[in-house]
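# Secondary and tertiary structure notes
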Amino acid sequence: MTAIHTDFQVQILEGIPSELPKAKPYPTDANRAPKRKDILTQEEKKLAIRNALRYFPKKWHSTLAAEFAHELREYGRIYMYRFQPDYEMYARPIGEYPAQSQQAAAIMLMIQNNLDPAVAQHPNELITYGGNGSVFQNWAQYRLTMQYLATMTNEQTLHMYSGHPMGVFPSSKDAPRVVVTNGMMIPNYSKPDDWERYNALGVTQYGQMTAGSYMYIGPQGIVHGTAITVMNAFRKKLEKGDTPDGKIFLTAGLGGMSGAQPKAGNIAGCITIAAEINPKAARKRHEQGWVDELVENMDELVLRVRRARYEEVPVSIAYIGNVVEIWERFYEEDIFIHIGSDQTSLHNPWSGGYYPAGISYKAANELLSTDPDQFKAAVKTSLQRHATAINKHTERGTYFFDYGNAFLLEASRAGADVMAENGIAFRYPSYVQDILGPMCFDYGFGPFRWVCASGHPDDLDKTDSIALGIMQEIQATAPPEIQQQMADNIKWIEEAKANKLVVGSQARILYADAEGRMKIAEAFNIAVATGLLSAPVIIGRDHHDVSGTDSPYRETSNIYDGSKFTADMAIHNVIGDSFRGATWVSIHNGGGVGWGEVMNGGFGLLLDGSDEAHRRLKSMLFYDVNNGIARRSWARNAEAIFAIKREMERTPGLRVTLAEVVEDDVIDGVV
Ligand SMILES: NC(=O)c1ccc[n+]([C@@H]2O[C@H](COP(=O)([O-])OP(=O)(O)OC[C@H]3O[C@@H](n4cnc5c(N)ncnc54)[C@H](O)[C@@H]3O)[C@@H](O)[C@H]2O)c1
């Protein structure tokens, strides 16, 4: 640590400032979080303000009480805008953080990246993505956390309760530096309105996946997963040897995550058509280069698509309009859709996540505010139309899958024809059931990622080439079952730089299995030790992975032994990772599919070139992946049974309980 501190360092070390900072005007160009539900009673509002004032000395209470009451009234939450720091918010090179512990400095870097206005969705409200994915509930929590991190040692652990730093406790060098929980509730208090109430009271928050766990790396994480999904959807659909050239992928949504679809389609080499009802969202994605062309008129779209079919050149087209119109018109025009999906925000169907067909975007927004019941009815009718049109196409041979956005769930609730013959399952699979589950998660492949703590693009280039070399080496002796996955990931890392995916910190995502993750991390650690890399590397992963997440309609939707409604795997994962060497661990209620619907966890690990880091990465990454493979194999998933048996053969200390597969006629005869 330098003896003379920069202004930034002084502010970090100060925590809550000794002088009351001046109130600031709200930045005019900021993307403000939506006003939250006014759910608290008068008494509860007093409690929320009392809770917020806990962070400050008595002398400021009367000033701040009025201000916080105003924030609660106007925005439904108390963000404590006045305490937002004046310095720029971005991931600095690790050496610029004041710290007693380099591990803690790495966490500071990751926190600042999640709050960087170039990265975060609503930076002033401390929300990274997904509308409500919070890093902290308010700016006092941010300031205190940074102060704790700057002053703690490698023999202490900071405990984070849903954004609130409860304190640093003595621990040991082997313990995580930070333990994060977000939204942990008594199970009966985990309904969406409970989030509204307890978040407004300032006692919990929705951490999404990588927001409240300090592991967000911008849109590239989504692009890689989406590219894998689209490529494999085509493989399922096409004859062996055929390519996606000139074949159509039709979907909807050009928003936060859905905006990755055209780029992923281009990587897969198909014709992507993405409908987007909001012209602003469509134009933004076009300007950013995430979609090649914009079309506003249906006749023009039909002509353009016919030409693209003829030319067989990969292209992505944004259609400004409702996706239902395309499904219906393409049926009339006899345009064959090879792959179909949907990424409208149907996890949030009644408040603008899904726009009903037959009503303009403007009129729908008006209806939403003037007559929410009528809006709801229009959404239901539209979902019925939507499903009917999809069914007609699938009868012609289209392969349709649900993209984890609750399309099938909400369509079924709306009375649309989406149920299978048995009346229990849906007639279409989800992307995890058909693609990511059996092809990736069951074999241990998932969204491993790293961040170069120097902030230098040169370091990122070096890590890319190290990772590529290792993937090629593993591929040379990999069994046929995982050759395709290896080839896809090699192609991804070879093209990653050219695809210009970095936003914020110098980060990279790469789907890898346990062997790949361990070998890559080991090589990075050596590169830090030898000075090939100019600073440490931070590794982690998305919660959307093999072992970290129990989510019955998404990550664990391809678990068929009834255990998809349990959350033991995610809990074991966070506990197991924490004593095997993670620098920080997190476990969240909610993420992706909503509060109360999922338990998801993750970790971060600093590779500082030490022998200690070497020991930690081996032990922790091994468990982090194989915990999930073991559970998936116990659920009788064939790919996971293969993977865990292979792992047991090469790892002497591993012994997993294996499932016996029962013949159907044995069961049919007895029940
Ligand atoms: N990409 C992934 O890897 C992934 C994985 C799992 C789940 N999801 C789900 O996908 C959904 C989308 O996520 P997002 O972050 O992009 O949300 P978002 O709200 O930012 O984007 C959705 C877009 O769909 C548009 N839209 C709504 N109704 C439409 C309609 N009828 N026709 C055309 N456009 C319409 C909206 O205007 C919006 O821009 C979410 O439910 C998310 O949970 C995505």
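Residues numbered from 1 in each chain as written. Predicted model: local features only at pLDDT ≥ 70, side-chain atom pairs only at ≥ 80, totals over all residues. Heavy atoms only, no water.

It is worth spelling out the overall build of the chain at this point. Per the secondary structure count, the chain includes 22 helices and 17 strands. For a compact globule of 671 residues, the expected C-alpha radius of gyration is about 26 Å, and the chain comes in at 25 Å, within 12% of that figure. On the principal axes, the C-alpha backbone points of the chain span a range of 70 × 65 × 55 Å. Classification of the 671 residues of the chain by burial places 59% in the buried group. Within the chain, counting contacts between residues at least 6 apart in sequence, those at least 24 apart form 70% of the total. If you sum the accessible surface of the chain, you get close to 27,400 Å²; carbon and sulfur atoms cover 52% of it. Charge centroids of the chain, computed over 66 positive and 80 negative side chains, lie 5 Å from each other. (Helix = DSSP H or I, 4+ residues; strand = E, 2+ residues; numbered from the N terminus. Rg over C-alpha atoms; globule rule 2.2 N^0.38 Å. Buried < 20%, exposed > 50% of the residue type's maximum accessible area, 1.4 Å probe, protein only. Contact = heavy atoms within 4.5 Å. Areas by Shrake-Rupley, 256 points an atom, 1.4 Å probe, with all protein chains shown as cover. Lys, Arg positive; Asp, Glu negative; His and termini not counted. Charge placed at Lys NZ, Arg CZ, Asp CG, Glu CD.)

Taken together, 26 residues lie around the ligand, and Gly-256, Ser-258, Glu-276, Ser-345 and His-347 are the ones closest in. The contact in question runs from a nitrogen atom of the ligand to an N or O atom on the side chain of Asn-322, over 3.2 Å. One of the backbone nitrogen or oxygen atoms of Tyr-403 is found 3.5 Å away from a nitrogen atom of the ligand. Considered on its own, the ligand offers 870 Å² of accessible surface; in the complex 89% of this is hidden by protein. In terms of residue class, the shell around the ligand is built from 9 nonpolar, 15 polar and 2 charged. (Near = heavy atom within 4 Å. Polar contact = N/O pair within 3.5 Å; in protein donor to acceptor, adjacent residues only side chain to side chain. Nonpolar A, V, L, I, M, F, W, Y, C, P; charged D, E, K, R; others polar.)

With that out of the way, let us pick up helix H18 (residues 514-530). Compared with the 24 Å implied by 1.5 Å per residue over 17 residues, the 24 Å span of H18 between its first and last C-alpha is a close match. When H18 is considered as a whole, its buried residues turn out to be Ala-514, Glu-515, Gly-516, Arg-517, Met-518, Ile-520, Ala-521, Phe-524, Asn-525, Ala-527 and Val-528. Immediately downstream of H18, the backbone of Gly-531 shows phi near 85°, a positive value. (Expected span 1.5 Å × (residues − 1).)

Bringing the nonpolar core into the picture now. Phe-56, Ile-111, Tyr-142, Leu-149, Trp-450 and Ile-539 are the most contacted members of the largest nonpolar core, which totals 138 residues. Broken down by element, the residue count for this core peaks at 9 residues, all from helix H4 (residues 102-115). Ignoring anything within four residues of it in the chain, the contact list for Ile-111 reads Val-135, Phe-136, Tyr-142, Thr-145, Met-146, Leu-149 and Tyr-214. Among the nonpolar cores identified, the runner-up in size contains 43 residues, and Ile-273, Val-295, Leu-383 and Phe-400 belong to it. (Core = buried A, V, L, I, M, F, W, Y, C linked by side-chain atoms within 4.5 Å.)

Further remarks concern a nonpolar patch on the surface. A cluster of nonpolar residues, Val-662, Val-666, Ile-667, Val-670 and Val-671, forms a patch on the protein surface that exposes about 520 Å² of accessible area. By the element assignment, Val-666 lies in helix H22 (residues 664-668). (Patch = residues over 30% accessible without salt bridge, like charges linked within 9 Å, V, L, I, M, F, W, Y side chains within 5 Å. Salt bridge = Lys/Arg side-chain N within 4 Å of Asp/Glu carboxyl O.)

A few words on the packing of aromatic side chains. For the structure on display, the rule yields 26 aromatic pairs. Measuring from ring centre to ring centre gives 5.7 Å for Tyr-75 and Tyr-81, while their planes differ by 85°; the resulting arrangement is edge-to-face. Look at Phe-400 and Phe-407: their rings are 5.6 Å apart centre to centre, the planes differ by 55°, and that puts the pair in the tilted class. An aromatic cluster is built from Tyr-55, Phe-56, Trp-60, Phe-68 and Phe-83, whose rings are joined through pairwise contacts. Directly above the ring of Tyr-26 sits Arg-32, whose terminal nitrogen or CZ lies 3.5 Å from the centroid. Just above the ring of Trp-350 sits the side chain of Lys-376; from NZ or CZ to the centre is 5.0 Å. (Phe/Tyr/Trp six-rings, centres within 6.5 Å; stacked < 30°, edge-to-face > 60°. Lys NZ or Arg CZ within 6 Å of the ring centre and 35° of its normal.)

What follows is about the pattern of salt bridges. On inspection of all chains with the given rule, the structure shows 39 salt bridges. The salt bridge partner of Arg-541 is Asp-545, with a shortest N-O separation of 3.3 Å. Take Arg-541 and Asp-545: they sit in the same class, and that class is buried. Beyond isolated ion pairs, a larger network of salt bridges with shared partners links Glu-515, Lys-519, Arg-646, Glu-647 and Arg-650.

It is worth spelling out the pairing of strand E6 (residues 248-252) at this point. For E6, a buried count of 5 out of 5 residues is recorded, marking the element as mostly surrounded by other parts of the structure. Burial along E6 is two-sided: Ile-248, Leu-250 and Ala-252 facing one way and Phe-249 and Thr-251 facing the other are all buried. By the bridge criterion, 2 bridges tie E6 to strand E10 (residues 339-340) in an arrangement that is parallel. Each bridged residue has a counterpart across the sheet, and for Phe-249 the counterpart in E10 is Ile-339. (Pairing = 2+ DSSP bridges.)

Another point: unusual backbone geometry. With a phi close to 60°, Leu-126 is a non-glycine residue in the positive phi region. When you line up the elements, Leu-126 lands in the loop between H4 and strand E1 (127-129). The class for Leu-126 is buried, based on a relative accessible area of 0%. In this structure, Ala-406 is a non-glycine residue whose phi angle is positive, near 70°. Relative to the assigned elements, Ala-406 resides in the loop between strand E11 (399-400) and helix H14 (407-413).

Our focus in this paragraph is empty space enclosed by the protein. One pass over the full model with this rule turns up 4 cavities of 30 Å³ or more. Size it by volume and the largest cavity reaches roughly 100 Å³. The wall of the largest cavity is formed by 13 residues, among which Tyr-443, Asp-513, Ala-643, Arg-646 and Arg-650 lie closest to the centre. Where the lining of the largest cavity is concerned, the elements lending two or more residues are helix H20 (611-634) and helix H21 (638-650). With 5 residues, H21 is the largest single contributor of residues to the lining of the largest cavity. Looking at the lining of the largest cavity, its residues break down into 7 nonpolar, 2 polar and 4 charged. (1 Å grid on protein atoms, 1.4 Å probe; cavity = no way out; pocket = protein on both sides within 12 Å on 5 of 7 lines; lining within 4 Å. Points joined across faces, edges and corners; volume = space filled by probe spheres on them.)

Here we take up the environment of Ala-104. Residue placement: Ala-104 occurs in helix H4. Distance in space between the C-alpha atoms of Ala-104 and Leu-40 is 36 Å, their sequence separation being 64 residues.

Take the side chain of Ser-134 next. By the secondary structure assignment, Ser-134 is in strand E2 (residues 133-134). A relative accessible area of 9% places Ser-134 in the buried class. Sequence-distant contacts of Ser-134, defined by excluding residues within four places in its chain, comprise Leu-126, Ile-127, Gln-205, Tyr-206, Gly-207, Ala-211 and Gly-212.

Right, let's get into helix H11 (residues 323-332). Within the span of H11, buried status applies to Val-323, Val-324, Ile-326, Trp-327 and Phe-330. Buried residues of H11, seen end-on, are gathered within an arc of 165° and therefore sit on one face of the element. Capping the start of H11, Asn-322 holds a side-chain oxygen 3.0 Å from the backbone nitrogen of Val-324, two or three residues further along. Asp-334 sits one or two residues past H11 and shows a positive phi near 60°. (Arc of directions from axis to C-beta.)

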